[in-house]
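So the chains spell out like this:
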Amino acid sequence: MELAIDIHAHSVFAGGTRALQISPEKKKENRKIAISHLEKTNFTMPMKGIDLIGTGDSQFSIWTDILKENLVENEKGIFTLKNLSHTSFILQTEIIFTTKIGKRSKITHVIFLFPHFSSIDMFRDLLDSWEVKHKKMARPFVKCHTPNQVSDRINAILDIDPWIEAIPAHIMTPQGVFGSNIRINRLDEFFGDVSSRLRVFETGLSADPEFLALIPELDDRVLISNSDAHSSALHRMGREFTVISLDNFDYNGIISALRNNKIVYTAEFPPEEGRFFLTGHRAGRKSPGLHGENEFCYFSPKHVPKKDVCPICQKNLTVGVYQRCIEISKEQGENRELGSTKPRQEFIRMVPLIDILSHVLKIKTKTAKSLIKNYHKITELLGPEKVIWQMDSNEIVNKTESRVDTKIINAILEVKAGNFTFDVPGFDGVYGSLVIGKKGNFEEINVIISSQKKQQLDKYL
Ligand SMILES: [Zn+2]
Ligand SMILES: [Zn+2]
């Protein structure tokens, strides 16, 4: 059977959105918000066409208790909400590992999947023994001194149960292992010996299998894609996902499918939409180096100024995913170019339906009622969002004719045909801006906008 999964998500306790407003004193209120998140997730995922989602933050004790009280185990290691079983859940968390690389400290996020609650208890004991503050933080830090210690600790977690899986998260973002924040070029420079036990890697919103095919070390690894959603809103949940083929619908079946690369395809955000696609400095940045409200620059890898120095503020640019992939390819002894190596697995590039609606209807707030209304109408006519990306274009037209604004349907068809791009593409923490109806070329971008420092710019060009 095929299963659409999104195994990197968060509870409302993980920081990022509403969690900031949740104070530990308001226990009752916290529980209410957390349970309603669970229920919303349960109803949202079927509209997206996703069968199974990670619980997020599974070791965070308030959340663990809520999960224990509200979920029932239907198949071994697979849970659903009591009485409202539309979506399956798997026990999952994300932990932040840090270690010294030279004199600086590097951060890397890692997803963990657990087969049962008792393995989470043992995981928590380990965190206690390392004096990790996991009671106050849903996404705790495991601070290590060396890559060897990172290795020992991940090994210790994996040794709790042979079915626990560790998956380096969003590997090309600044908080991912190959990201720009302290650049390393091999997995063992951060993970030490445990690298050989890591089989599955998350592409993240900023990369996809085509870009990761530039990195030789990932050739025999498995790539998956997840939403990393911090809220149950439609534009967050399942914005990326993975379709796997499995023999047994239970936890072990899912882990076996992942480990053995039974990936049917991943559904990917176009990398150029991601916030760290190109190298650059955004407008209005305060540090390092000052940019005015209208001063910014961004570059394709071959146009990046020497030593990655910003022509506007003279500080180091935020190095983008594309440049990192090229650098790592070179450092690993190959000079791969984009498109020269076939991606290890199938994938589709799509734009989440809610983003298309927001673009066509010119409504920026992605949770606006009129967008949600249109979303519901389209998915009622066509089926879950996932199905739309595989549906024949004629069928889409026939099923929606005269019932959905043709501008919306045309935009969906253009995206299906790959006629879309992001102009400006994402760089230095800013998401790319969607343009539907034309294709992009990211090889020749060399943009510097600076009012006062035009003189200085020329020598960097
Ligand atoms: Zn993360
Ligand atoms: Zn700058």
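Quantities reported herein were computed from a predicted structural model and do not represent experimental measurements.

Rules and cut-offs
Residues numbered from 1 in each chain as written. Chains lettered and ligands numbered in written order. Predicted model: local features only at pLDDT ≥ 70, side-chain atom pairs only at ≥ 80, totals over all residues. Heavy atoms only, no water. Donors = N, O, S within 2.8 Å, 3.2 Å for Na, K, Ca; no water. Tetrahedral: all angles 85-135°; square planar, octahedral: opposite > 155°, others 65-115°. Buried < 20%, exposed > 50% of the residue type's maximum accessible area, 1.4 Å probe, protein only. Helix = DSSP H or I, 4+ residues; strand = E, 2+ residues; numbered from the N terminus. Expected span 1.5 Å × (residues − 1). Arc of directions from axis to C-beta. Contact = heavy atoms within 4.5 Å. Phe/Tyr/Trp six-rings, centres within 6.5 Å; stacked < 30°, edge-to-face > 60°. Lys NZ or Arg CZ within 6 Å of the ring centre and 35° of its normal. Polar contact = N/O pair within 3.5 Å; in protein donor to acceptor, adjacent residues only side chain to side chain. Pairing = 2+ DSSP bridges. Domains from an automatic or database assignment. Buried area = accessible area lost by both parts, 1.4 Å probe. Salt bridge = Lys/Arg side-chain N within 4 Å of Asp/Glu carboxyl O.

1. A word on the coordination of the zinc ion (ligand 2)
Phase 1 of the analysis: Within the protein, the atoms that donate to the zinc ion (ligand 2) are His281 (ND1), His291 (NE2), Cys310 (SG) and Cys313 (SG), at distances of 2.0 to 2.3 Å.
Phase 2 of the analysis: Classification of the site at the zinc ion (ligand 2) rests on its four donor atoms, whose angles at the metal span 104 to 117°, yielding the label tetrahedral.
Phase 3 of the analysis: Site description for the zinc ion (ligand 2): donor spacing in sequence, H-x9-H-x18-C-x2-C. The same class applies to Cys310 as to Cys313, namely buried.

2. Thoughts on the coordination of the zinc ion (ligand 1)
Phase 1 of the analysis: Bound to the zinc ion (ligand 1) are the protein donor atoms Glu94 (OE), His109 (ND1) and His170 (NE2), situated 2.0 to 2.2 Å from the metal.
Phase 2 of the analysis: Counting along the primary sequence, the residues that act as donors to the zinc ion (ligand 1) give the motif E-x14-H-x60-H. Of this pair, Glu94 sits in strand E5 (residues 88-101) while His170 sits in the loop between strand E8 (165-168) and helix H5 (188-191); the two residues are 76 residues apart in sequence, bridging distant segments of the chain. For the pair formed by Glu94 and His170, the shared burial category is buried.

3. Section: helix H3 (residues 117-129)
Phase 1 of the analysis: For H3, with 13 residues, the first-to-last C-alpha span of 19 Å sits near the 18 Å given by 1.5 Å per residue.
Phase 2 of the analysis: Every buried residue of H3 is listed here: Phe117, Ser119, Ile120, Phe123, Arg124, Leu126 and Leu127. Viewed along the axis of H3, the buried residues span an arc of 155°, placing them on a single side of the element.
Phase 3 of the analysis: Turning to H3, the residues buried within the fold contact helix H2 (61-70), strand E4 (78-81), E5, strand E6 (104-114), strand E7 (141-143) and helix H4 (147-158).
Phase 4 of the analysis: Where H3 terminates, the next one or two residues include Glu131, which has phi positive at roughly 55°.

4. What to know about the packing of aromatic side chains
Phase 1 of the analysis: This model, assessed by the stated rule, comprises 16 aromatic pairs.
Phase 2 of the analysis: Where Phe190 meets Phe191, the ring centres are 5.1 Å apart and the plane angle is 85°; that geometry is what we call edge-to-face. When sorted by exposure, Phe190 lands in the same class as Phe191, which is buried.
Phase 3 of the analysis: Ring pairing ties together the aromatic residues Phe97, Phe112, Phe114 and Phe123, which thus form one cluster.
Phase 4 of the analysis: The side chain of Arg275 reaches across the aromatic face of Tyr431, ending 5.5 Å from its centre.

5. What to know about the side chain of Thr279
Phase 1 of the analysis: Along the chain, Thr279 turns up in strand E13 (residues 279-281).
Phase 2 of the analysis: Residue classification places Thr279 among the buried residues on the basis of a relative accessible area of 1%.
Phase 3 of the analysis: A polar side-chain atom of Thr279 sits 2.9 Å from the main-chain amide nitrogen of Gly320.
Phase 4 of the analysis: Ignoring sequence-local partners within four residues, the contact set of Thr279 consists of Cys297, Tyr298, Phe299, Val304, Leu317, Thr318, Val319, Gly320 and Gln323.

6. With respect to the pairing of E8
Phase 1 of the analysis: Because side chains alternate across E8, one face comprises the buried residues Glu165 and Ile167, and the other comprises Ala166 and Pro168, equally buried.
Phase 2 of the analysis: Both E6 and E8 contribute to a ladder of four bridges, which runs antiparallel. Across the sheet, residue Val110 finds its bridge partner in E8, namely Pro168.

7. Observations regarding the domain arrangement of the protein chain
Phase 1 of the analysis: In terms of domain boundaries, the protein chain breaks down into domain 1 (2-273) and domain 2 (283-318 + 350-461).
Phase 2 of the analysis: Between the C-alpha centres of domain 1 and domain 2 the distance comes to 26 Å.
Phase 3 of the analysis: Summed over both sides, the interface between domain 1 and domain 2 buries roughly 1,900 Å², with carbon and sulfur atoms accounting for 63% of that surface.
Phase 4 of the analysis: Counting the surface domain 1 buries against domain 2, the share from its top three residues, His235, Glu272 and Glu273, is 33%.
Phase 5 of the analysis: Across the contact surface, domain 1 and domain 2 share eight residue pairs in polar contact (both at pLDDT 80 or more).

8. What to know about the pairing of strand E1 (residues 2-6)
Phase 1 of the analysis: Counted residue by residue, E1 has four buried out of five residues, so it is predominantly covered.
Phase 2 of the analysis: In terms of strand pairing, E1 meets strand E11 (residues 241-245) through four bridges, oriented antiparallel. When the sheet's bridge partners are listed, Ile5 is paired in E11 with Thr242.
Phase 3 of the analysis: Across two bridges, the pairing between E1 and strand E2 (residues 52-54) is parallel. Residue Asp6 lies in a different strand from E2, and its bridge partner there is Ile53.

9. What about the environment of Tyr375?
Phase 1 of the analysis: Counting through the fold element by element, Tyr375 comes out in helix H10 (residues 369-382).
Phase 2 of the analysis: Polar side-chain contacts of Tyr375 include one of 2.5 Å to the side chain of Glu385.

10. A look at the pattern of salt bridges
Phase 1 of the analysis: Counted under the stated rule, the structure contains 22 salt bridges.
Phase 2 of the analysis: Between Arg139 and Glu94 there is a salt bridge, with the nearest N and O atoms lying 3.1 Å from each other. Separated by 45 residues along the polypeptide, Arg139 in the loop between H3 and E7 and Glu94 in strand E5 bring together distant segments of the chain. For the pair Arg139 and Glu94, one class covers both residues: buried.
Phase 3 of the analysis: Salt-bridge contacts for Arg183 lead to Asp308; the nearest nitrogen and oxygen are separated by 2.7 Å.

11. Topic: H2
Phase 1 of the analysis: Along H2, the residues that are buried comprise Trp63, Thr64, Ile66, Leu67 and Asn70. For H2, the angular spread of the buried residues around the axis is 160°, confining them to a single face.

12. Observations regarding the side chain of Thr173
Phase 1 of the analysis: Positionally, Thr173 belongs in the loop between E8 and H5.
Phase 2 of the analysis: Engagement of the side chain of Thr173 in a polar contact is seen with the side chain of His170, the distance being 2.9 Å.
Phase 3 of the analysis: If near-sequence neighbours (up to four positions away) are discounted, Thr173 is found in contact with Gly179, Ser180 and Ser206.

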